[in-house]
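# Summary of structural features
Chain residues, written in single-letter form:
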Amino acid sequence: MIFIPQTITLKNLTPEFFFAECERQYIFEKAIEKKMTAKEYLEDKLNNSSKRKRAGLAKEIKNIKDKFNWVTNCSEYRCWKIQHKYALAGDLNDIVKNISFVFGRIQEQLIIKQRNLNNDDSGESVFSHIKDDWGIGYGIKIKDIKGSTMKDKLINIADEKKLKSQIKRIQKQRSELLKLHSGLIGSGQAYEICSDEVVRNREADEAKQLDYVMKNSVAYENKKIIPLWKIASTEKQRFAEIFIQVTSLDLYAKQLDYKPLFITFTAPARFHPKPSKGVSSWDGSTPKDSNDYLKGLWNAFRKDIHRHKIEMNGFWAVEPHKDQCFHKHALMYVNKKHYDELVILINKHFRHSENAVRIEEIDTKKSKATSYVMKYLTKSFNMDFELKGGVLNIDKLEISNHKKVRAVQALWGVRRYAMFGVKNTLSLWRELKRKPFLKGKNEAIDKAFAFVEKNNFIGFSMYVHGKLKIKRAFSEIPIMKNDLLGDVFGKSLVGKYILDLTSYEVVNIKAACKIIPTYCVSNEAA
């Protein structure tokens, strides 16, 4: 959004003239700053020559100040500077203050728009009139702010604490983009996959999380206290969970006699800053843009699969190339009678160029289908893996050097993996894994436990779909009052239940507990 003083009319002053004048006044400001710096440098020098130079600089500064006009005093000029001239560096509080100032002006105009919409009973929402490419300062656009809806994005700008978090993330991304533009990242370059700075930032974030886990405990209603590190999810546990999903899916596909395929999808050349082959035609797209592009193709492909009623399921994983552009791998199991049609649809959606897609038919007599996708999934975990005869040895997992892939995925907010074609009931699976005391609470839950104990995730998913469901109850916590956004509330979890959809029985699974510092427990014990 651009800001133009209300006094401007086409009769006496055009917007183009106003912005040209902004440029002129800004040049004056920068000239004064430069001369003030030179004058301050001479302040400590007491010789006559320095005195004459100071006097000369003071006169020059006054002459430039005389050229200032009404533009420098209007808020629209300040908005223009924040939007077009300020670099995303310096004091974070100052950055937040300036962006909040610009956003305040945007809100003023939107509130007027909102009132007009209410008056004409059009039923339109003011949020539909907000453009993703509106600048809020420092080169940041509304589309750069996280949020599933436009209102969510605006809340993340209006709340200063959330805005600080957004700015920190954008600063890290821009620092990495600068290195991409400088050609420092790519195959054979100074950095492969990502810079050391990104890895260090990720390690620092993980260290903070670990520090929190190690310093706190869970205190239950019955006064039982357990250190948080004993129940927090670890990398090994998360990977073991994924391994169970993949191997269970493979077993299910074999029972159906489905054909396994391994597909690799890549983004067009314009997303590659430093391709390993050929000349770069990069258009400046971010790594996130490449992932969003592939997500769009994947969503269209999945709709086509559903429309053609192709029987298929599988697992996908995303990883960055050495130039940080993302690509996607998918292990697909397809009904053999639908194989040819599936290949046609894969090529239709993903073959934007000759080498854009690679389709491999897996010979299960030579290798396990799961070993294909596990190879890429392991890159997303900070561990070493030992496969013996195609079987993962959980006891041999150790900390490793997979940090770059994880750091890049975290930097750009890219989801690492997911199942498809099978109803994902992972939340319910996790609850039963963690809470064996729920046995005997409900007949359907007991039958679900039988699948959990055998690590049969697909059988579990097929059984519980339409029978059991997790429900959560939240209380609203007021965050802020805002003229544009209305009363903004956050959520606090007050109840978690398993709902039996056949009997409508409700089983409460939320433990009455709170997080307390571990030192409190130690002091009480002493």
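The shown structure was predicted, so the numbers you read here are calculated from the model rather than taken from an experiment. (Residues numbered from 1 in each chain as written. Predicted model: local features only at pLDDT ≥ 70, side-chain atom pairs only at ≥ 80, totals over all residues. Heavy atoms only, no water.)

Quick look at the overall build of the protein chain now. Secondary structure assignment for the protein chain yields 17 helices and 15 strands. With respect to the three principal axes, the spread of C-alpha positions in the protein chain is 90 × 65 × 60 Å. The proportion of buried residues among the 526 residues of the protein chain is 43%. Counting 93 positive and 63 negative side-chain charges, the protein chain places the averaged centre of each group 2 Å from the other. (Helix = DSSP H or I, 4+ residues; strand = E, 2+ residues; numbered from the N terminus. Buried < 20%, exposed > 50% of the residue type's maximum accessible area, 1.4 Å probe, protein only. Lys, Arg positive; Asp, Glu negative; His and termini not counted. Charge placed at Lys NZ, Arg CZ, Asp CG, Glu CD.)

This structure, assessed with the given rule, holds 17 aromatic pairs. Ring geometry for F18 versus W70: centroids 6.1 Å apart, planes at 25 degrees, classification stacked. Here W70 lies in the loop between α2 (48-65) and α3 (75-84) and F18 lies in helix α1 (residues 15-42), a separation of 52 residues in the sequence. Overall, the relative accessible area of 1% leaves F18 in the buried class. Among the residues examined, W70 registers a relative accessible area of 40% and is labelled partly exposed. Aromatic pair Y26 and W80: ring centres 6.1 Å apart, planes at 80 degrees, arrangement edge-to-face. (Phe/Tyr/Trp six-rings, centres within 6.5 Å; stacked < 30°, edge-to-face > 60°.)

Tallied over the full model, the rule gives 29 salt bridges. The partner of K35 in a salt bridge is E60, with the nearest N and O atoms 2.7 Å apart. Residue K35 is located in helix α1, and its partner E60 is located in helix α2; the two are separated by 25 residues in the primary sequence. Given a relative accessible area of 34%, E60 falls into the partly exposed group. The salt bridge partner of K62 is D66, with a shortest N-O separation of 3.4 Å. Each member of the pair, K62 as well as D66, carries the same accessibility label: exposed. Connected through salt bridges with shared partners, the residues E76, R105 and E108 form a single ionic network. (Salt bridge = Lys/Arg side-chain N within 4 Å of Asp/Glu carboxyl O.)

The subject of this paragraph is the sheet that holds strand β7 (residues 326-334). One open sheet accounts for five strands, arranged β8-β5-β7-β6-β11; its pairing is antiparallel. With one partner strand each, in any of the chains shown, β8 (357-361) and β11 (417-420) form the two edges of the open sheet. Put simply, the sheet's adjacent strands are angled 15 degrees from each other on average, direction ignored. In this structure, strand β6 (residues 312-320) lies alongside β7, joined through nine bridges in antiparallel fashion. Paired with W316 across the bridge in β7 is A330. Along the sheet, helix α10 (residues 287-307) makes contact with β5 (259-265), β6, β7 and β11, crossing β7 at roughly 20 degrees. (Pairing = 2+ DSSP bridges. Axes fitted to C-alpha atoms, helices over the stretch in contact; angles between N-to-C directions. Contact = heavy atoms within 4.5 Å.)

Where helix α9 (residues 235-256) meets helix α14 (residues 426-434), the closest approach of the two axes is 13 Å, and the angle between their N-to-C directions is 120 degrees. Between α9 and α14, the angle is such that the two are oblique. By crossing handedness, the relation of α9 to α14 is classed as right-handed. Taken together, the residues of α14 that come into contact with α9 (itself represented by E241, I244 and Q245) are L426, W429, R430 and K433. Classifying every residue of the contact of α9 with α14 gives three nonpolar, one polar and three charged. (Parallel < 35°, antiparallel > 145°, perpendicular 65-115°, else oblique. Left-handed = near helix turned anticlockwise from the far one by under 90°. Nonpolar A, V, L, I, M, F, W, Y, C, P; charged D, E, K, R; others polar.)

A few words now on unusual backbone geometry. Positive phi, close to 60 degrees, is recorded for D257, a residue that is not glycine. Mapped onto the secondary structure, D257 falls in the loop between α9 and β5. The phi dihedral of Q324 falls on the positive side, at around 80 degrees, and the residue is not glycine. Within the fold, Q324 resides in the loop between β6 and β7. The exposure class assigned to Q324 is buried, which follows from its relative accessible area of 0%.

Ordered in space as β4-β3-β15, the three strands form an open sheet in which the pairing is antiparallel. Strands at the two margins of the open sheet, each flanked by one partner only, are β4 (225-227) and β15 (513-517). The mean inter-strand angle of the sheet, taken between neighbouring strand axes irrespective of direction, is 30 degrees. Judged from the five bridges that link them, strand β3 (residues 216-220) and β15 form a sheet pairing that is antiparallel. Following the sheet pairing, Y220 is matched in β15 by C513. Most of the contacts of helix α7 (residues 196-215) go to β3, to which it runs at about 45 degrees, and overall it touches β3 and β15.

As a further point, take α7. Its 20 residues place the ends of α7 28 Å apart at the C-alpha level, agreeing with the 28 Å of an ideal helix rising 1.5 Å per residue. For α7, every residue scored as buried is listed here: V198, V199 and V213. Projected onto a plane normal to the axis of α7, the buried residues spread over an arc of 95 degrees and lie on a single side. In α7, the exposed positions that point more than 90 degrees away from the buried face belong to R200, K208 and K215. (Expected span 1.5 Å × (residues − 1). Arc of directions from axis to C-beta.)

A separate point is a nonpolar patch on the surface. On the surface, L210, M214 and W229 cluster together into a nonpolar patch covering about 330 Å² of accessible area. We classify W229 as partly exposed; its relative accessible area is 45%. (Patch = residues over 30% accessible without salt bridge, like charges linked within 9 Å, V, L, I, M, F, W, Y side chains within 5 Å. Areas by Shrake-Rupley, 256 points an atom, 1.4 Å probe, with all protein chains shown as cover.)

Before going further, it helps to examine the confidence of the model for the protein chain. Mean pLDDT over the protein chain: 88, with 92% of residues reaching 70 or higher. Counting interchain partners and residues more than four positions distant, the pLDDT-below-50 stretch residues 387-400 has 28 contacts. (pLDDT = per-residue confidence, 0-100.)

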